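# Secondary and tertiary structure notes
Chain by chain, the residues:
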Amino acid sequence: MSRAAADIQADLPALACDCHTHVIGDASAYPMVAERHYTPGPASAAQLRRHLEQAGMTRVVIVQPSVYGTDNRCLLDALAEMGGRARGIAVIDAGFTPRQLQMLHDGGVRGVRVNLESAGLQDIGAAEQALAAVGAQVAGLGWHVQLYAAHGVIAALAPRLAALPCPVVLDHFAMAPWSPEAAAAITGLLRSGCVHLKLSAPYRLADRQDAARWAQALCQEVPSALLWGSDWPHTARAAGKAAHEVSPYRQIGARQLLDDLAQWLPTPGLRQAVLADNPDRLYWR
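Residues numbered from 1 in each chain as written. Predicted model: local features only at pLDDT ≥ 70, side-chain atom pairs only at ≥ 80, totals over all residues. Heavy atoms only, no water.

### Notes on the packing of aromatic side chains
If you walk through the whole model with that rule in mind, you get three aromatic pairs. Judged by centre distance (5.4 Å) and plane angle (85 degrees), the rings of F173 and W264 are edge-to-face. Highlighted residues: F173 in the loop between β7 (168-170) and α7 (180-190) and W264 in helix α9 (residues 254-264), separated in sequence by 91 residues. Considered together, F173 and W264 belong to a single accessibility category, that of buried residues. Considering the side-chain rings of W178 and W214, the 5.2 Å spacing of their centres and the 85 degrees angle between planes classify their relative orientation as edge-to-face. Pair noted here: W178 is in the loop between β7 and α7 and W214 is in helix α8 (residues 209-221), with a separation of 36 residues, a long-range link. (Phe/Tyr/Trp six-rings, centres within 6.5 Å; stacked < 30°, edge-to-face > 60°. Helix = DSSP H or I, 4+ residues; strand = E, 2+ residues; numbered from the N terminus. Buried < 20%, exposed > 50% of the residue type's maximum accessible area, 1.4 Å probe, protein only.)

If you want it as structure tokens, here you go:
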């Protein structure tokens, strides 16, 4: 482990939270949807605990992966296994009843994911309708909407996001290539106080160095709107693999994650805000 990574690990806040992970269960117990776009291998709650220990994280947010559609059983079972240190982000549709949503809440769910990017969906009108519908479903529970979409889609939706009846969390640096113009637009959106952004999955940007530029700019302007996530176990659809063939995970260890943290969150105050205070407010209160 590099000196920077070791120093960061020794100086993480007491309630440091990894706000973006996935658990993938045994296929015989948790079948994946037929219309999935990739197939990941197993990634258990026990493996997640080892990841958290290596990264020095106390808390965790588990996000429902697209391969399970709206069947949240694997997510709920993982939350139960992780205990009070975990919260979940589910996937729902219009058919979920208030009773079903309350059961998810009782199981540790605190948000719902709208995933447009995995399917390449860029219909702005349809996206607006989906966000409005799901926001109305979950606002009464105190949940938020987590949006995974192309940057162009997020830019087009920006006037609507801050007006939703619940907070919004943008995945993976809002999938935005770095530019001063994009930084000004996203910073303005985050200043609304209703929208948050995850510093996560830098490999999903066109240029990985964009992540450092984004982190520096956003930490200077809107640290109260930021979260950090590892994106463990680092899913990917490997080149040449069919949707139903298992794609290997990206090989990213704790050292690389902590090196990123040392660069993105260089001060104790930033680490306290982004790793502990902001997640506590969004997921545990």
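Once you've had a look at it, read on.
### Details of the side chain of D210
Structurally, the position occupied by D210 is in helix α8. Here the side chain of D210 touches R213 through a polar contact of 2.9 Å, side chain to side chain. Leave out the neighbours within four places in its chain, and D210 touches A176, P177, W178 and L205. (Polar contact = N/O pair within 3.5 Å; in protein donor to acceptor, adjacent residues only side chain to side chain. Contact = heavy atoms within 4.5 Å.)

### Examining the pairing of strand β5 (residues 109-115)
Burial of β5 is extensive: six of the seven residues sit out of reach of the surface. Of the pairings in the sheet, the one linking strand β4 (residues 86-90) to β5 comprises three bridges and is parallel in character. Directly across from G88, in β5, lies its bridge partner V109. With respect to chirality, the unit in which β4 leads through helix α4 (residues 98-106) into the neighbouring parallel β5 is right-handed. Across five bridges, β5 lies against strand β6 (residues 144-148) in parallel orientation. Each bridged residue has a counterpart across the sheet, and for R113 the counterpart in β6 is Q146. (Pairing = 2+ DSSP bridges. Right-handed = clockwise from strand over helix to strand, strands pointing away.)

### Things to note about the nonpolar core
Judged by nonpolar contacts, the single largest core of 86 residues is most densely connected at L147, L161 and L199. Considering every element that reaches this core, the biggest residue donor is α8, with six residues. Discounting chain neighbours no more than four positions away, the residues touching L161 are L131, L147, I154, V168, L170, L189 and V195. Among the nonpolar cores identified, the runner-up in size contains 10 residues, and C17, V63, L282 and Y283 belong to it. (Core = buried A, V, L, I, M, F, W, Y, C linked by side-chain atoms within 4.5 Å.)

This is a description of form; function is not addressed.
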